[in-house]
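Residues per chain are reported as follows:
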Amino acid sequence: MLRRFFLNDKNVERQAVVWNILATTTTSFQSMLLMMVLTRNNDFTASSIIAISYSIANLAMTVGKYGIRNFQVSDVKEKYSYETYARARNVTVLLMALFSVLYLVRGTVFDQYTTEKSACILLVCAFKGIETMEDVRHGRMQQLNRLDIGMRILSVRNIVYIIEFFVVYCLTENVLLTLLVSVMTSAVLSFALNRLPEEIVYFRSSGSGTGTVRDLLLECLPVALITFLLMYIGNAPKYIIDSVVSEEEQTCFNIIFMVIFAVSLMSTFIFNPLLRRLSVLWSERERNKLLKLIAKCILYITGVVLFGMVFANVIGRKLLGWIYGVSLENYKNEVLIMLASGGCIAVLNLMNLLFVLIRQQTFMMVLCSVVSLVLLFFGRACLGLWGMTGLMIAYTLLLGFLNLVLLLYLVRKVRHSA
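Quick caveat, the model's predicted, so the values are computed rather than measured. Once a new chain begins, its residue numbering starts again from 1 and follows that chain's sequence as written. Only residues with pLDDT of 70 or above have their local features reported here, since the model is predicted, and side-chain atom pairs are shown and tallied only from 80 upward, although totals for entire chains, interfaces and linings are computed over all residues. To get the side-chain values, take all heavy atoms of the structure and skip hydrogens and water.

Undergrad: Give a detailed account of the pattern of salt bridges, specifying residues and quantitative values.
TA: The term salt bridge refers to a pairing of a side-chain nitrogen on Lys or Arg with a carboxyl oxygen on Asp or Glu at a separation within 4 Å. Within the structure shown, the criterion is met by nine salt bridges. The salt bridge partner of Arg-69 is Asp-135, with a shortest N-O separation of 2.5 Å. With Arg-69 in helix α5 (residues 68–74) and Asp-135 in helix α7 (residues 115–143), this pair connects stretches of sequence that are 66 residues apart. Taken individually, Arg-69 and Asp-135 each receive the classification buried, so the pair is uniform in this respect. With its nearest N and O atoms 2.8 Å apart, the salt bridge here joins Arg-157 to Glu-134. Taken as a pair, Arg-157 in helix α8 (residues 147–172) and Glu-134 in helix α7 lie far apart in primary sequence, 23 residues in all. Relative accessible area decides the class of each residue, using a 1.4 Å probe on protein chains only: under 20% of the type maximum gives buried, over 50% gives exposed, and in between gives partly exposed. Glu-134 sits in the buried class, given a relative accessible area of 2%. Among the ionic contacts, a cluster of salt bridges with common partners joins Lys-65, Arg-69, Arg-89, Lys-128, Glu-131 and Asp-135. Helix and strand definitions follow DSSP, with helices as H or I runs of at least four residues and strands as E runs of at least two, each counted in order from the N terminus.

Undergrad: Mind laying out the packing of aromatic side chains, listing which residues take part and the relevant values?
TA: A pair of aromatic rings is counted whenever rings of Phe, Tyr or Trp (Trp by its six-membered ring) have centres within 6.5 Å, and the orientation is called stacked for planes under 30 degrees apart, edge-to-face for over 60 and tilted otherwise. Across all of its chains, the model carries ten aromatic pairs by this definition. A ring pair is formed by Tyr-80 and Tyr-85, whose centres lie 6.0 Å apart and whose planes are at 70°; its orientation type is edge-to-face. Judged by its relative accessible area of 1%, Tyr-85 is buried. Both rings, one in Phe-355 and one in Phe-363, keep their centres 6.3 Å apart while their planes meet at 10°; by these two values the pair is stacked. The class for Phe-363 is partly exposed, based on a relative accessible area of 26%. Of the aromatic side chains, those joined through ring pairs into one cluster are Phe-99, Tyr-103, Phe-228, Tyr-232 and Tyr-239. Here, a charge over a ring means that NZ of Lys or CZ of Arg falls within 6 Å of the ring centre while also lying within 35 degrees of the ring normal. Cation over ring: Arg-106 sits above Tyr-103, and NZ or CZ is 4.9 Å from the ring centre.

Undergrad: Give a description of the environment of Leu-59 that names residues and reports values.
TA: Examined against the element boundaries, Leu-59 turns out to sit in helix α4 (residues 44–65). Here the alpha-carbon distance between Leu-59 and Arg-14, two residues 45 residues apart in the chain, equals 31 Å. Note on definitions: a residue-residue contact is assigned when non-hydrogen atoms from the two residues lie within 4.5 Å. Setting aside residues no more than four positions away along its own chain, Leu-59 makes contact with Phe-99, Phe-228, Met-231, Tyr-232 and Tyr-239.

Undergrad: Can you break down the packing of α7 against α8 residue by residue, with the values?
TA: Axis definition: a line fit to C-alpha positions, over the contact stretch in the case of helices; interaxial angles, taken between N-to-C directions, run 0 to 180 degrees. The contact between α7 and α8 brings their axes to 8 Å, and the two run at 160°. Classified by the angle between their axes, α7 and α8 sit roughly antiparallel to one another. Crossing geometry of α7 relative to α8 is assigned as right-handed. Taking contact as the criterion, the partners of Phe-127, Ile-130, Glu-131, Glu-134, His-138, Met-141 and Gln-142 in α7 are, on α8, Leu-147, Ile-149, Gly-150, Met-151, Ile-153, Leu-154, Arg-157, Asn-158 and Tyr-161. Of the residues belonging to the contact of α7 with α8, the class tally is nine nonpolar, four polar and three charged. Working definition: roughly parallel below 35 degrees, roughly antiparallel above 145 degrees, roughly perpendicular at 65 to 115 degrees, and oblique for all remaining angles. By convention the crossing between two helices is left-handed if the near helix lies anticlockwise of the far one by an angle smaller than a right angle, and right-handed if it lies clockwise. Polar here means any residue other than Ala, Val, Leu, Ile, Met, Phe, Trp, Tyr, Cys and Pro, which are nonpolar, and Asp, Glu, Lys and Arg, which are charged; Gly is therefore polar.

Undergrad: Any chance you could break down the environment of Ser-28 for me, citing the residues and the numbers?
TA: Looking at where Ser-28 falls in the secondary structure, it is placed in helix α2 (residues 12–28). Using a relative accessible area of 23% as the deciding quantity, one classes Ser-28 as partly exposed. Remark: the alpha-carbon pair of Ser-28 and Phe-261, spanning 233 residues in sequence, is separated by 9.0 Å.

Undergrad: Can you lay out a nonpolar patch on the surface for me, pointing to particular residues and giving the numbers?
TA: There is a patch of nonpolar side chains on the surface, built from Phe-307, Val-310, Phe-311, Val-314, Ile-315, Leu-319 and Trp-322 and spanning about 750 Å² of accessible area. With respect to the secondary-structure elements, Leu-319 resides in helix α13 (residues 287–324). Given the relative accessible area of 35%, Leu-319 is considered partly exposed. Patches in this entry comprise residues that are over 30% relatively accessible and not in a salt bridge; like charges within 9 Å are linked, as are nonpolar side chains (Val, Leu, Ile, Met, Phe, Trp, Tyr) within 5 Å. The Shrake-Rupley method, run with a 1.4 Å probe, gives the accessible areas here. Residue values count only the displayed protein chains as cover.

Undergrad: Got a sec to walk through the side chain of Ser-55? Specific residues and values, please.
TA: Relative to the elements of secondary structure, Ser-55 occurs in helix α4. Pairs of N or O atoms are called polar contacts if they sit within 3.5 Å, as long as, within protein, a hydrogen donor faces a hydrogen acceptor (for residues adjacent in sequence, only side-chain-to-side-chain pairs). Engagement of the side chain of Ser-55 in a polar contact is seen with the backbone oxygen of Ala-51, the distance being 3.1 Å. Excluding residues within four positions of it along the chain, Ser-55 makes contact with Asn-235, Lys-238 and Tyr-239.

Undergrad: Break down the side chain of Ser-341 for me, with residues and values.
TA: When you line up the elements, Ser-341 lands in helix α14 (residues 332–357). Of the residues examined, Ser-341 reaches a relative accessible area of 0% and is grouped as buried. If near-sequence neighbours (up to four positions away) are discounted, Ser-341 is found in contact with Ile-260, Met-392, Tyr-395, Thr-396 and Leu-399.

Undergrad: How would you sum up helix α9 (residues 175–193)? Please name residues and give values.
TA: To estimate the expected span of a helix, subtract one from its residue number and multiply by 1.5 Å. In this model, α9 (19 residues) spans 26 Å end to end at C-alpha, consistent with the 27 Å of a helix rising 1.5 Å per residue. Among the residues of α9, Val-175, Thr-178, Leu-179, Ser-182, Val-183, Ser-186, Ser-190 and Leu-193 are the ones counted as buried. All buried residues of α9 fall inside an arc of 120° around its axis, so they share one side. In α9, those exposed residues whose orientation departs by more than 90 degrees from the buried face are Met-184, Val-188 and Phe-191. Taken from the helix axis, the directions to the C-beta atoms give the arc we talk about.

Below, the structure written as structure tokens:
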């Protein structure tokens with residue numbers, strides 16, 4: 001019965017779409033849902049710990065995944081064997097673990113992380129490590145047109161994790177114990193469920209598979225670096241306020257920070273379907289049409305941001321406050337600024353797609369590195385001088401400047417390539 005559910009091969013493509021949506025949704029909204037149960041219980045300390053734990057774990061996961069998944073799926077001639085991908089993933093997961101430990105050491109030394117906070121961060125990193133380990137198997141399934149299997153497994157594991165977290169926390173009101181039990185269950189589920197389709201997908205090979213682990217890691221290095229930088233830039237305000245402001249302020253900040261995520265998520269609904277069309281216009285040298293389509297994407301993001309600002313003023317802040325059981329009435333300006341930030345990050349994600357398309361990742365990587373260093377070394381100074389509102393204004397202006405430079409460079413490259 002269990003095997004029949006996970007290995008069902010009827011309407012594979014349609015099921016892949018449905019299960020991919022469910023898996024993406026349950027992954028994306030995890031921290032929001034966990035924060036909801038914590039804040040409604042007035043546990044602001046645990047809520048702020050969960051928020052920063054997921055931010056750090058997601059950053060660590062970019063190290064673990066190393067940008068290999070899309071490369072693996074598109075490797076239709078199987079230049080690299082599945083075994084090579086698996087061995088490469090073992091290496092990157094070790095790098096992920098090292099990054100997580102080093103980040104915790106930094107947090108303990110400079111930010112005075114408590115033992116509970118460090119343990120929670122480590123457990124969430126372990127949970128993301130489980131996802132990273134199974135990602136290479138799910139990539140193999142997608143490579144063989146069975147994405148539906150991997151997404152079923154991920155969806156079930158995520159749903160069990162979320163429900164178990166709610167139940168155990170309500171019984172114990174101990175976030176550390178709750179995470180420990182939930183992560184252990186997730187590890188067992190991952191091991192058991194990912195073994196079900198083993199004989200179907202993992203070891204069928206049609207290519208030579210002559211590439212080595214070293215070759216694969218070097219080939220994916222630029223993508224890995226830029227993915228890491230974009231994840232850091234997107235969550236930089238969370239890292240900056242961590243352990244600097246009060247737990248309650250961090251909780252309110254993290255709740256309204258979700259509007260950035262919402263704008264980015266809504267933008268992906270139009271970016272992903274347009275990726276192939278953008279690629280065709282570039283390959284066929286339809287430069288004017290390509291630039292017009294890019295302009296439409298940016299206008300779409302602007303429209304989403306403006307709609308969000310109106311919605312936030314009318315009902316959005318009250319709705320978020322009711323869901324999480326906190327008052328956000330004093331955060332009107334911050335919500336509007338964060339919506340603008342969300343628009344900038346959505347444009348930045350669009351720029352990432354386009355710079356990969358025109359093969360100019362190095363230029364974008366250099367600029368993102370500079371912006372990341374500015375945020376790393378001057379972010380807390382901005383917070384100390386101007387408070388959270390001033391920090392978000394500076395953050396938004398910096399992102400706006402980055403996007404402007406990238407856009408001007410992109411337009412110049414596209415026009416001169418005709």
